[in-house]
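Chain and residue survey
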Amino acid sequence: MGSCNGLLALVDDKDRIFLWNPSTRKFQVLPFNEIGFSSPSSTYYGFGYDPISDDYKLIRMVQSHGNNDEYFHSEAKFSREFGFLANNALHWMVFKTPQSRNKELVGFDLGSEEFRFLELPECRLDKLLWFHINAVGGDICLTSTYRETDNVVVDVWIMKEYGVKQSWFKLISWKEPHFMPWSTVALPLALSKGGGEVLFFIEYKWFNRGRRIDSFVWYDLRSQEVKNVVIRDIPTSFEVNWYVDSLVPLNSNA
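Keep in mind the model is a prediction, meaning the values are calculated, not measured.

Overview of the overall build of the protein chain
Along the backbone of the protein chain there are zero helices and 20 strands. Split into buried and exposed, the 254 residues of the protein chain put 39% on the buried side. Total accessible area on the protein chain stands at roughly 14,800 Å², and carbon and sulfur atoms take up 47% of it.

Re the sheet that holds strand E3 (residues 17–21)
On the basis of which strands lie adjacent, the open sheet formed by four strands has the order E1-E2-E3-E4 and antiparallel pairing. In this open sheet, the two edge strands, each paired with only one partner strand, are strand E1 (2–4) and strand E4 (26–29). Strand-to-strand, the axes of this sheet are offset by a mean angle of 20°, without reference to chain direction. One ladder, built from three bridges, connects E1 with strand E2 (residues 7–11); its direction is antiparallel. Bridge pairing in E2 places Gly2 opposite Ala9.

Points about the environment of Leu85
Within the fold, Leu85 resides in strand E9 (residues 84–86). If we skip the residues at most four places from it in the chain, Leu85 touches Cys4, Gly48, Tyr49, Leu90, Leu110 and Ala135.

A short note on the sheet that holds strand E12 (residues 115–118)
The four strands lie next to each other as E9-E10-E11-E12, forming an open sheet whose pairing is antiparallel. The open sheet terminates on both sides in strands that have one partner only, identified here as E9 and E12. Strand after strand, the sheet turns through a mean of 35° between neighbouring axes, direction not considered. One ladder, built from four bridges, connects strand E11 (residues 104–109) with E12; its direction is antiparallel.

Focus on unusual backbone geometry
Although it is not a glycine, Asn5 adopts a positive phi angle of roughly 55°. Mapped onto the fold, Asn5 is located in the loop between E1 and E2. Unusually for a residue other than glycine, Asn88 sits at a positive phi of about 60°.

What to know about the environment of Asn251
Relative to the helices and strands, Asn251 resides in the segment after strand E20 (226–229). The class for Asn251 is exposed, based on a relative accessible area of 61%. If we ignore the near neighbours within four places in the chain, the residues touching Asn251 are Phe27 and Gln28.

Considerations on the pattern of salt bridges
Scanning the model with the defined rule gives eight salt bridges in all. A salt bridge links Lys165 to Glu122, with the nearest nitrogen and oxygen atoms 2.6 Å apart. One end of the pair, Lys165, is in the loop between strand E15 (151–159) and strand E16 (168–175); the other, Glu122, is in the loop between E12 and strand E13 (128–136), and 43 residues separate them in sequence. For Lys165, a relative accessible area of 23% gives the class partly exposed. Salt bridges linked by common partners bring Asp50, Lys57 and Glu113 together as one network.

Points about the confidence of the model for the protein chain
A low pLDDT means the predicted coordinates there should not be read in detail. Averaged over every residue, the pLDDT of the protein chain is 80; residues scoring 70 or more account for 79%. Across the protein chain, the secondary-structure element scoring lowest on mean pLDDT is strand E7 (residues 72–78), at 56, and the one scoring highest is E12, at 92.

Criteria and thresholds
- Residues numbered from 1 in each chain as written.
- Predicted model: local features only at pLDDT ≥ 70, side-chain atom pairs only at ≥ 80, totals over all residues.
- Heavy atoms only, no water.
- Helix = DSSP H or I, 4+ residues; strand = E, 2+ residues; numbered from the N terminus.
- Buried < 20%, exposed > 50% of the residue type's maximum accessible area, 1.4 Å probe, protein only.
- Areas by Shrake-Rupley, 256 points an atom, 1.4 Å probe, with all protein chains shown as cover.
- Pairing = 2+ DSSP bridges.
- Axes fitted to C-alpha atoms, helices over the stretch in contact; angles between N-to-C directions.
- Contact = heavy atoms within 4.5 Å.
- Salt bridge = Lys/Arg side-chain N within 4 Å of Asp/Glu carboxyl O.
- pLDDT = per-residue confidence, 0-100.

Right, here's the structure in full:
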């Protein structure tokens, strides 16, 4: 569900939520508070550290249609789209109203515990094949993959000043990535130490008759060259999250 300062927030097949430190092998089961709605709903999770309270917070947000789609009701409690952490806030893409055609970016400040909407750049949302938003290098990063004539284009946008729409800039516009069949998406994960390369996770999203192996590549911002990252004995399909070793203590259940 999320990773922060060496702690992983996990959910098991019985819907139990717990924190786990792989370095110390300690874990803590969290209490579960039901948020009940009679109408259909969507649930969003996020996990992060709040330096103001010097504590970790796990957010569960349920967004539900009211009767006859008259309203949305949202509520946050500390206790499965998963949010990402940037600028001391957790973020998700949500529908602002039942009538909304496109999702919008909302942030939940871990210190003030308040919501705010952030404006997206003027990107090609009308022609999207795939859309993703995450944090790269501490900044909010938007990736849009779309069809332009006979080409597939991957645009990567970075918000350099938090909450300011005018600070979005296009870091990459990658036409016809040579390794990308129609069934894959390219997800930026991190910048190199020098800032000249971007690490991408190449993930299969749809059925592909060929050999299906998720992988990593480095994209050089200056030369636009792509280098494969060789990792032996990895599974053919997987998900990726960041983890850094730490000795953060937990009130262990094991």
